[in-house]
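# Topology and contacts: notes
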Amino acid sequence: SSSGSSSGDSGKMRECLLIHLGQAGCQIGNACWELFCLEHGIQPDGQKPSVSADLDGSVDDSFNTFFSETGAGKYVPRCVMVDLEPTVVDEVRTGTYRQLYHLLLR
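Just so you know, these numbers come straight off a predicted model, no measurement behind them.

### Some remarks on the overall build of the protein chain
- Looking only at helices and strands, one finds two helices and four strands in the protein chain.
- In the protein chain, the succession of α and β elements from N to C terminus is β-α-β-β-β-α.
- Out of the 106 residues belonging to the protein chain, those deemed buried represent 28%.
- Contacts in the protein chain between residues at least 24 apart in sequence constitute 59% of all its contacts with a sequence separation of at least 6.

Below, the structure written as C-alpha cells:
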C-alpha cells in the first residue's frame, strides 16, 4: 500500500458515499450537493473550471472525497437517492443541478 500508517497522512484516499432515502432525504441531499458544488467550485454541469494551487503551492483535492471524476472530466456525486414516489426524484432530474448526476431510473 502506498498510503502511510498515520491517521493524519494526507496520502490516504478518502471516499464517502451518501445515501438519501425518501422525500426528505432526497430533498435535503439535493440541497447538500448544491452546497458541496459551491464549496468546491464545481459547476451545475459537473465541470470544474480550473484547479488552482493554494498559497503554499498545494492543490486542494478534497472534493474527491465526495465526487468521482468521469473519463470526460466531469465530476459526479458519490450518492444514491431512493424514493418510491417519482415526483421527488423528478425535482432532482429537472432542477438546476440535473446534469450533475448520473441517473439510473427504475
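### So, the pairing of strand β4 (residues 79-82)
- The two faces of β4 differ: Cys79 and Met81 on one face are buried, but Val80 and Val82 on the other face are not.
- As defined by bridge partners, strand β1 (residues 18-21) adjoins β4 across four bridges and the pair is classed as parallel. Each bridged residue has a counterpart across the sheet, and for leucine 18 the counterpart in β4 is cysteine 79.

### Description of helix α1 (residues 22-40)
- With 19 residues, α1 extends 26 Å between its outermost C-alpha atoms, agreeing within 8% with the 27 Å of an ideal straight helix rising 1.5 Å per residue.
- Here α1 has its buried residues at Gly25, Cys26, Gly29, Asn30, Trp33, Phe36, Cys37 and His40. Along the axis of α1, the buried positions cluster into a sector of 130°, meaning they face one direction only. Away from the buried face of α1 by more than 90 degrees, exposed residues Ile28, Leu38 and Glu39 are located.
- Positioned one or two residues after α1, glycine 41 has a phi angle of 70°, which is positive.

### A few points about the pattern of salt bridges
- With the rule as written, the count across this model stands at two salt bridges.
- Where glutamate 15 meets arginine 78, a salt bridge forms, and the shortest distance between an N and an O atom there is 3.6 Å. With glutamate 15 in the segment before β1 and arginine 78 in the loop between β3 (75-77) and β4, the pair connects residues that are 63 residues apart, well separated along the chain.
- By relative accessible area, which is 17% here, arginine 78 ends up buried.
- Put simply, arginine 93 and aspartate 90 hold a salt bridge, and the shortest N to O gap is 3.4 Å. Residue arginine 93 and its partner aspartate 90 are both found in helix α2 (residues 86-94); the two are separated by three residues, about one turn of the helix.

### What to know about the side chain of histidine 20
- Looking at where histidine 20 falls in the secondary structure, it is placed in strand β1.
- At a separation of 3.1 Å, a polar atom in the side chain of histidine 20 contacts the side chain of tryptophan 33.
- Setting aside its immediate chain neighbours within four residues, histidine 20 contacts Gly25, Cys26, Gly29, Trp33, Cys79, Val80, Met81 and Val82.

Conventions we followed
- Residues numbered from 1 in each chain as written.
- Predicted model: local features only at pLDDT ≥ 70, side-chain atom pairs only at ≥ 80, totals over all residues.
- Heavy atoms only, no water.
- Helix = DSSP H or I, 4+ residues; strand = E, 2+ residues; numbered from the N terminus.
- Buried < 20%, exposed > 50% of the residue type's maximum accessible area, 1.4 Å probe, protein only.
- Contact = heavy atoms within 4.5 Å.
- Pairing = 2+ DSSP bridges.
- Expected span 1.5 Å × (residues − 1).
- Arc of directions from axis to C-beta.
- Salt bridge = Lys/Arg side-chain N within 4 Å of Asp/Glu carboxyl O.
- Polar contact = N/O pair within 3.5 Å; in protein donor to acceptor, adjacent residues only side chain to side chain.

Purely geometric numbers; function is a separate question.
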